[in-house]
Amino acid sequence: MADFVQLVILGLLAGGIYVAVGVGFGLVWGVLNIVNLSHGALVIIGGYITWQLFSALHIDPFLTLPVDAVALFVFGYLLQRGLINRIIRAPLLFTFLLTFGVNLVIVNILLLIFGSDFRSVTPSYSGQGIELGPIVIPYVSLFSLAVAIALSAALAFILNRTRIGLAINAIAADRDAAQLVGIDLRHAYAVTFGLGAACAGVAGGLIAMIQAITPTAGEPYTLQAFVVVILGGLGRVSATVVGGLAFGLVEAFGQSIPGSGSVFANAIAFGLMVLVLVTRPQGLLGRLR
Amino acid sequence: MIARAASIDRWRRLFVIVGAILVAYALLAPITSLDAAQSANVPLLADRLWFRIATIIAMFVVMATAWNIIGGITGYAAFGNVAFFGIGAYTTGMLVAKAKWPFLVALPLAPVVAAAFAALVGLPLLRLRGHYFAVASLGVGVAVGELVQNIDYNGQPVFGGASGLFLPIFAIDNRGLFFFYLMVAVAAVAIAVTWRVLRSRFGYGLIAIRENEEAAAVLGVNTTAYKVAAFALAAALTGLAGGIFSQWNVFINQDNAFPIEYNVQMILMALLGGTGTVFGPAAGAVLLQLLIQFLGGSLPISVDIPFVSVDARPIVAQVILGVLLVVVVIFVPRGVIDFFGGSSRLSWSYLRQSLRETSL
């Protein structure tokens, strides 16, 4: 029983990271209809910013998260405004290829700057945790989950309660109609992508505290973002939160299957994603549009 | 207008002639490495390294041409075709390494297994459209690779596990030459199949599906059967390339049989050359693969990239490749074959127009 509870807790904590990785990806996909293959690279940029600030200036990694968010927002805004906006009306494969190209450039420039060494962010409280009898809850993971939930709440607030958020929702509903009522599409698209990138940056900061990062470590996060978003369903932040936590649980239980070790976790996750796509394409909580 | 058409026609003829000469050279040069040719004092025009590169190029010609059948002609953005390459590689690999079958008997099963798998997953997956199909096929590609590496039976990895699968070396004289011509033959088959498909009822059905699936169904095209058949056909060709790869390379594992970047490369090649055409993907494959090898510094002709140390070179090559990908996607969305095929000319107005067409 304690094992089971520990697994659930570990799964939910890991799910926090997936929520953070997934929300930005889901926003960009759901609103802009762009599958951003450079999402993992954006995550890793965030990770390196946190690592740089922590190792050079000894700033607490959780305090660097706003820096990640702002820096990636600006980067994402410029990326969308300068490049991705140019192919919005092209067939969908083009956005795949363009963002993959961007991914290639980012990853290899990071390799040129930082080399391929593993970097990790280890504040004084890493490795410690709350002990409840046999169950251990690591502080870093717990805070990360809290940050991920707060990030999702902030994103939901921006989308539902601010002027630009309403504009973004209008684009998601009908791009041409949104343009007709005077929404500056180029700007709104760039802001949306910037918000997605900012979420990726925060996710990267969290990931740097939990595992060592390299420039090439981002690709799995792009793939996991797919699974999270598909599991939850496109179009709502809350759905992505559920998808992320569900993915964390699936992975935790997948890793615990006796005999298989940790190796099947990925296969199970992707198998589940394909199953959900085929049987329930709108996701567990999504709405069909 | 007539003068313009005539000049384009001239360009087209020149392009075909130059292309034919280059292809003939690439096909004939390796023969000069035969012992008989060497003893007859024929100058050596190609060495081992060239075989390796040329075989890789032919392999990508197969993959890009095969992808074109489902992605270009049918319009379904398959993003997991590397699964078929890997399945073909492991089918032949397992039969040769574990069941001790002769290679040439094991090879024909590679396309059969790959096509059967494609038909199996294609039935549910091809009901999805757009991004969803792309993502689901990517998921299948990743999941198959993971499964192949990790399936154990009684504690023993079934498919060689993380340490991969070693095949006995195929005993034949001039092995490099043999695999080069085998791969080229498959590439020729892939192109011939595309040519035949585009001139058949089947091909017209696929194009109808690409342009408007509902309308195609109304016209009496059995869309499900057509799509699955196109998917399986692409898988069979890709699997055949994989089967040859496994015996040629002698060693396969998850990294070289299921590399995710192949998914992107084969699509980029088809796009660079021109999707939906017969020769476009092949031309794109040759161009892009030569460029990748050139940037990586493995071609005999090589230049130093200024301000870049030898160690950083592969990384800088990747950056250049990424930038090129971005530029091609933004400025040449219809592929370079458009320029040689005779319908457009490379000019500022062409670039501006393609930008305007797709921009927000």
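In every chain, residue numbers begin from 1 and rise along the written sequence. Going through the entries in the order they are written, you letter the chains from A and number the ligands from 1. Reporting of local features is limited, given that this is a predicted model, to residues whose pLDDT is at least 70; pairs of side-chain atoms are given and counted only at 80 or more, and all residues count toward the totals for whole chains, interfaces and linings. As a rule here, side-chain values come from all non-hydrogen atoms in the structure, and water together with hydrogens is ignored.

**Quick word on the overall build of chain A**
For the record, the criterion: Strands here mean DSSP runs of E at least two residues long; helices mean DSSP runs of H or I at least four residues long; both are numbered from the N terminus. Buried, partly exposed and exposed residues are distinguished by accessible area as a fraction of the type maximum, computed with a 1.4 Å probe on protein chains only: under 20%, between the cut-offs, and over 50%, respectively. What makes two residues a contact is simply this: any of their non-hydrogen atoms within 4.5 Å.
Broken down by element type, chain A carries 11 helices and two strands. Listing every helix and strand of chain A by position from the N terminus yields α-α-α-α-β-β-α-α-α-α-α-α-α. In chain A, which comprises 289 residues, the share counted as buried stands at 57%. Across chain A, the fraction of contacts at a sequence separation of at least 24, relative to all contacts at a separation of at least 6, is 77%.

**Examining the pairing of strand β1 (residues 129-132) of chain A**
All names here are of chain A. Put simply, the test is: Strands qualify as paired when DSSP identifies two bridges or more between them.
Sheet topology note: the β1/strand β2 (residues 135-138) ladder contains four bridges and is antiparallel. Bridge pairing links L132 to I135 in β2. Counting the residues between successive antiparallel strands, the hairpin from β1 to β2 contains two residues, one of them, G133, with a positive phi of roughly 60 degrees.

**Side note on unusual backbone geometry**
Residues and elements named next belong to chain B. The phi dihedral of K100 is positive, around 60 degrees, even though this residue is not glycine. With phi around 70 degrees, V250 is a residue other than glycine that occupies positive phi space. Its place among the elements puts V250 in the loop between α11 (223-249) and β4 (251-252). Looking at V250, the relative accessible area reads 18%, which means it is buried.

**Remarks on the pattern of salt bridges**
Residues and elements named next belong to chain B. For the record, the criterion: When a carboxyl oxygen of Asp or Glu is within 4 Å of a side-chain nitrogen of Lys or Arg, the pair counts as a salt bridge.
Under the criterion given, the structure shown has four salt bridges over all chains. In this structure, E213 engages R129 in a salt bridge whose closest nitrogen and oxygen atoms are separated by 3.3 Å. On the criterion of sequence distance, the pair formed by E213 in helix α10 (residues 213-218) and R129 in the loop between α6 (109-125) and α7 (130-150) is long-range, its members being 84 residues apart. Across the pair E211 and R210 runs a salt bridge, and its minimum N-O distance is 3.1 Å. Residue E211 is classed as exposed on the basis of its relative accessible area of 56%. The structure contains a network of salt bridges with shared partners spanning R129, E213, E214 and K227.

**Some points on a nonpolar patch on the surface**
Where we set the bar: Patches here: salt-bridge-free residues with over 30% relative accessible area, like charges joined within 9 Å, nonpolar side chains (Val, Leu, Ile, Met, Phe, Trp, Tyr) joined within 5 Å. In short, Shrake-Rupley with a 1.4 Å probe defines the accessible areas, and a residue's cover is counted only from the protein chains shown.
On the surface, W11(B), L14(B), V18(B) and L22(B) cluster together to form a nonpolar patch covering roughly 430 Å² of accessible area. Counting through the fold element by element, V18(B) comes out in helix α1 (residues 2-28).

**Things to note about the packing of helix α1 (residues 2-32) of chain A against helix α5 (residues 139-161) of chain A**
Residues and elements named next belong to chain A. Keep this limit in mind: Under this scheme, a helix contributes an axis fitted over its contacting stretch, all axes are lines through C-alpha atoms, and angles between N-to-C directions fall in the 0 to 180 degree range. Should an angle lie under 35 degrees it is considered roughly parallel, over 145 roughly antiparallel, and from 65 to 115 roughly perpendicular; all remaining angles are considered oblique. For any pair of crossing helices, the crossing counts as left-handed if the nearer helix is rotated counterclockwise from the farther one by less than a right angle, and right-handed if it is rotated clockwise.
At their nearest, the axes of α1 and α5 sit 7 Å apart, and the two run at 25 degrees to each other. Judged by the inter-axis angle, α1 sits roughly parallel to α5. Two packed elements cross with a definite hand, and for α1 against α5 that hand is left-handed. Packed against α1, whose contacting residues are L12, L13, G16, I17, V19, A20, V23 and L27, the element α5 presents S141, L142, S144, L145, A148, L151, S152, L155 and L159 at the interface.

**As for the environment of V102(A)**
Within the element layout of this structure, V102(A) appears in helix α4 (residues 92-114). Taking C-alpha positions, V102(A) is 9.4 Å from L83(A), a pair spaced 19 residues apart along the chain. The residues contacting V102(A), other than those within four sequence positions of it, are S38(A), L79(A), L83(A) and V326(B).

**Things to note about the packing of helix α4 (residues 82-97) of chain B against α6(B)**
Residue and element names in this part refer to chain B. For clarity, the threshold we go by: For this scheme, ten residues count as nonpolar: Ala, Val, Leu, Ile, Met, Phe, Trp, Tyr, Cys and Pro. Four count as charged, namely Asp, Glu, Lys and Arg, and the remainder, Gly too, count as polar.
Closest axis-to-axis distance for the α4/α6 pair is 8 Å, and the angle between their directions is 135 degrees. Here α6 runs oblique to α4, going by the angle between their axes. Seen along the crossing, α4 lies across α6 with a hand that is right-handed. On α6, the residues that touch F84, I87, G88, T91, T92 and L95 of α4 are L109, A110, V113, A114, F117 and A118. In the contact of α4 with α6, the residues fall into nine nonpolar, three polar and no charged.

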